Amino acid sequence: MRNILVTGGLGFIGSNFIRYLLHESGYRGCLINVDFITYAGNPDNLADIEKEFKDRYRFIRCDICDRERMSKIFDEMAIDGICHFAAESHVDRSLVRPDAFIQTNIVGTFTLLELARKFRGRVELFHHVSTDEVYGSLGREGFFTEETPYRPNSPYSASKASSDHLVRAYHMSYGLPVTISNCSNNYGPYQFPEKLIPLVILNALEGKPIPVYGDGRNVRDWLYVGDHCSAIWAIMNKGRRGETYNVGGNNEMENIQVVGLICDILDEYCGMIDGGPRRRLITYVKDRPGHDRRYAIDGSKLMRELGWAPHESFATGIRKTVRWYLDNRKWVDRLISGEYKAWIKENYGTNRS
Ligand code: NAD
Ligand code: TYD
């Protein structure tokens, strides 16, 4: 693949993936990042990459649902590989305003599949990035495998499930070379602070209440974003076409454990706050409707077939992550103050929120 289209590359995982591809993977081709810059897209995430890789990295602002413009991009950029991240990604938002989830996650994926079909003589791979949330919720026992039936519980996970089915169907119906990855909760640098881990870090830093939904005992299997990026690249290169691979971090934790640990790390790095430990900030709030109790991934297929395993334990990954938010105050400040949005407005007109 010489010209890979990365959709949603200004978001959390997409920007880490572009960074990984250009700095660490040994990939020598070009990357075309198409992102609509919604509230979750942040040009600051790749400002250095834009300067450093002028010849091999190109950013284009476009809605993936805009078939005409996307068709021109496929044509003019000679796209021969696709890694599709662009999505509305936050469960809480999907509960309040599901429309954008249906549009971007389902219609957007469909639009890209149609274009991959149109240019299928050239397109070598369509990789679709998805979530373990499509499988629904687990009880105390068991793990999600690639054979687990889909039972999505939120508008977000239902829209991702729908897009997964479309990708698979385009392989079965049209022979499109596809791979799908379903991963667990990611954490790491550049994550927008609406998701649990960056939200807790920033609230705990500022001495604000830390909202924990319900009894705080819901379980997530945390995957360091760098590990996720290497898994996607392994699947793109060596994964069997038409197959799904689950990606997990082997790091099951209750939310309350995660929150407590972050408080302790910040106490250690920054000292106490107002004379006391940050755990005092933990505030139990009303539970999320339909809140999935437990997610846990069986990642043995990926390990068996492609020899991939996560590098980072939660103990090491969370320290790196907290350190990153402390060391990148400017990124945080520009995000929180909305300064980056003013820049987007100046350069691109209004951004969609
Ligand atoms: P994110 O919300 O941080 O970023 C999404 C990006 O997509 C943003 O840059 C946004 O501007 C862009 N985008 C949104 N709508 C668009 C549109 N119509 N056209 C073009 N660009 C658009 O999301 P993320 O956390 O980086 O997640 C990336 C992918 O990984 C998503 O598909 C998500 O479902 C999946 N995923 C995420 C997690 C996680 O823990 N974050 C876990 C499993 C799977
Ligand atoms: P989140 O980061 O939103 O990811 P997802 O819903 O996709 O798993 O939430 C992770 C877990 O943390 C989930 O069980 C909900 C919980 N949570 C809180 O307790 N408080 C919060 O403020 C947020 C955002 C999430």
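Residues numbered from 1 in each chain as written. Chains lettered and ligands numbered in written order. Predicted model: local features only at pLDDT ≥ 70, side-chain atom pairs only at ≥ 80, totals over all residues. Heavy atoms only, no water.

### What about the site of ligand 2?
In the region of ligand 2, 17 residues are neighbours, and Glu-133, Asn-185, Arg-220, Arg-288 and His-291 sit closest. Here an oxygen atom of ligand 2 sits 2.9 Å away from a polar atom, N or O, in the main chain of Leu-196. Here ligand 2, which alone exposes 510 Å², has 96% of that area covered by the protein. Counting only elements with at least two residues in the shell around ligand 2, the list comes to helix H7 (196–206) and strand S8 (210–213). Residue contributions to the shell around ligand 2 peak at 3 residues, all from S8. Grouping the constituent residues of the shell around ligand 2 by class yields 7 nonpolar, 5 polar and 5 charged. (Near = heavy atom within 4 Å. Polar contact = N/O pair within 3.5 Å; in protein donor to acceptor, adjacent residues only side chain to side chain. Areas by Shrake-Rupley, 256 points an atom, 1.4 Å probe, with all protein chains shown as cover. Helix = DSSP H or I, 4+ residues; strand = E, 2+ residues; numbered from the N terminus. Nonpolar A, V, L, I, M, F, W, Y, C, P; charged D, E, K, R; others polar.)

### Structural notes on the site of ligand 1
Of all residues adjacent to ligand 1, which total 28 residues, the nearest are Ile-13, Asp-35, Ser-89, Tyr-156 and Lys-160. For ligand 1, an oxygen atom lies 2.7 Å from a polar atom in the side chain of Tyr-156. Relative to its free-state accessible area of 830 Å², ligand 1 is covered by the protein chains to the extent of 97%. Those elements giving two or more residues to the shell around ligand 1 turn out to be helix H1 (12–23), strand S5 (125–131) and helix H6 (155–174). For the shell around ligand 1, the leading source of residues is S5, giving 3 residues. The residue inventory of the shell around ligand 1, partitioned by class, reads 14 nonpolar, 11 polar and 3 charged.

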